[in-house]
Amino acid sequence: MRVITADEIDGLLSFPDLIEALRAAFAADFVTPPRQHLEIGHGADAATGLIMPSWTGDAPGPGAFFGTKLVNVFPGNGAKGLPAVLGTYVLMSGETGVPLAAIDGTRLTHWRTAAAS
């Protein structure tokens, strides 16, 4: 499994290419269930876990993909010198379920949000 860091994402992506890739992806056959919200703890120290799966419409099958973005929202992280929102995207084979890559989900989200708008 490959690990793709924020710096690697910045070196690999460009907005013109990403905008076109997203245009094609939005028109393609993907299954994207509603994201799950997990409340972690209570009160002022409460945090949230978000689970966002999606897969190509041909999964399970050859050439298919399955991915899940995991996002943690820990509002108290600022006091610890950490970002409040952190994420990881795990890309897997939609044929076998084998993990292919773990990608810095925070950076990936920044790029995707800007390119989609």
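See the structure shown above.
Criteria and thresholds
One numbering rule holds for all chains: residues counted from 1, following each sequence as written. With pLDDT at 70 or above as the cut-off, local features in this predicted model cover only qualifying residues; side-chain atom pairs require 80 or more to be listed or tallied, and sums for whole chains, interfaces and linings still use all residues. No hydrogens and no water enter the side-chain calculation; it runs on all heavy atoms of the structure. DSSP calls a pair of strands paired once it identifies at least 2 bridges connecting them. Put simply, DSSP H or I for four residues or longer makes a helix, DSSP E for two residues or longer makes a strand, and each gets a number counted from the N terminus. Here the nonpolar core consists of buried residues drawn from Ala, Val, Leu, Ile, Met, Phe, Trp, Tyr and Cys, with membership extended through side-chain atoms lying within 4.5 Å. Exposure categories follow from relative accessible area, calculated using a 1.4 Å probe and restricted to protein chains: below 20% of the type maximum is buried, above 50% is exposed, and the middle band is partly exposed. Patch criteria: residues need more than 30% relative accessible area and no salt bridge. Like-charged residues are merged within 9 Å; nonpolar side chains of Val, Leu, Ile, Met, Phe, Trp and Tyr are merged within 5 Å. Throughout, the Shrake-Rupley method with a 1.4 Å probe supplies accessible areas, and for residues the shown protein chains are the sole cover considered. Think of a salt bridge as a Lys or Arg side-chain nitrogen and an Asp or Glu carboxyl oxygen that are within 4 Å of each other. A helix is expected to reach a length of 1.5 Å times the quantity of its residues less one. Regarding the arc, it is the one traced by the directions from the helix axis to the C-beta atoms. Pairs of residues are marked as contacts when any of their non-hydrogen atoms sit within 4.5 Å. Whenever a nitrogen or oxygen atom comes within 3.5 Å of another N or O atom, the pair is scored as a polar contact, on the condition that within protein one atom can donate a hydrogen and the other can accept it, and that pairs from neighbouring residues in sequence are kept only if both atoms are in side chains.

Peer 1: Any chance you could explain the pairing of strand β5 (residues 65-73) here in plain terms?
Peer 2: Side-chain positions along a regular strand alternate between the two faces of the sheet. Where strand β4 (residues 47-56) lies against β5, eight bridges are found, and the strand directions are antiparallel. From the neighbouring strand, Leu 50 faces β5, where its bridge partner is Val 71.

Peer 1: I tried to follow the nonpolar core on my own but got confused; where do I start?
Peer 2: Nonpolar side chains in soluble globular proteins generally cluster together in the buried interior. Ranked by size, the top nonpolar core spans eight residues in total: Ile 4, Ile 9, Leu 18, Leu 22, Ala 101, Ile 103, Trp 111 and Ala 115. Secondary structure elements with two or more residues in this core: α2 (15-27), β7 (99-104) and α3 (105-116).

Peer 1: What is the right way to look at a nonpolar patch on the surface in this model?
Peer 2: On the surface, a nonpolar cluster with roughly 230 Å² of combined accessible area is contributed by Leu 38, Ile 40 and Phe 74. Turning to its location among the elements, Ile 40 is positioned in strand β3 (residues 36-40).

Peer 1: Mind showing me how you'd approach the pattern of salt bridges here?
Peer 2: Close approach of charged atoms lets side chains of opposite charge pair. This model, assessed by the stated rule, comprises three salt bridges. Across the salt bridge formed by Arg 2 and Glu 8, the nearest N and O atoms sit 3.2 Å from each other. Looking at Arg 2, the relative accessible area reads 45%, which means it is partly exposed.

Peer 1: Mind showing me how you'd approach α3 here?
Peer 2: In an α-helix, one turn spans 3.6 residues, which is why side chains three or four residues apart end up on the same side. Helix length check: α3, at 12 residues, gives a terminal C-alpha distance of 16 Å against a target of 16 Å (1.5 Å per residue), a fit within 8%. Three or more residues of α3 are buried, namely Gly 105, Trp 111 and Ala 115. On an axial view of α3, the arc spanned by its buried residues comes to 125 degrees, and they lie on one face. Against the buried residues of α3 lie α1 (6-12), α2, β6 (85-93) and β7. In this structure Asp 104 caps α3, since a side-chain oxygen of it lies 3.1 Å from the backbone nitrogen of Thr 106.

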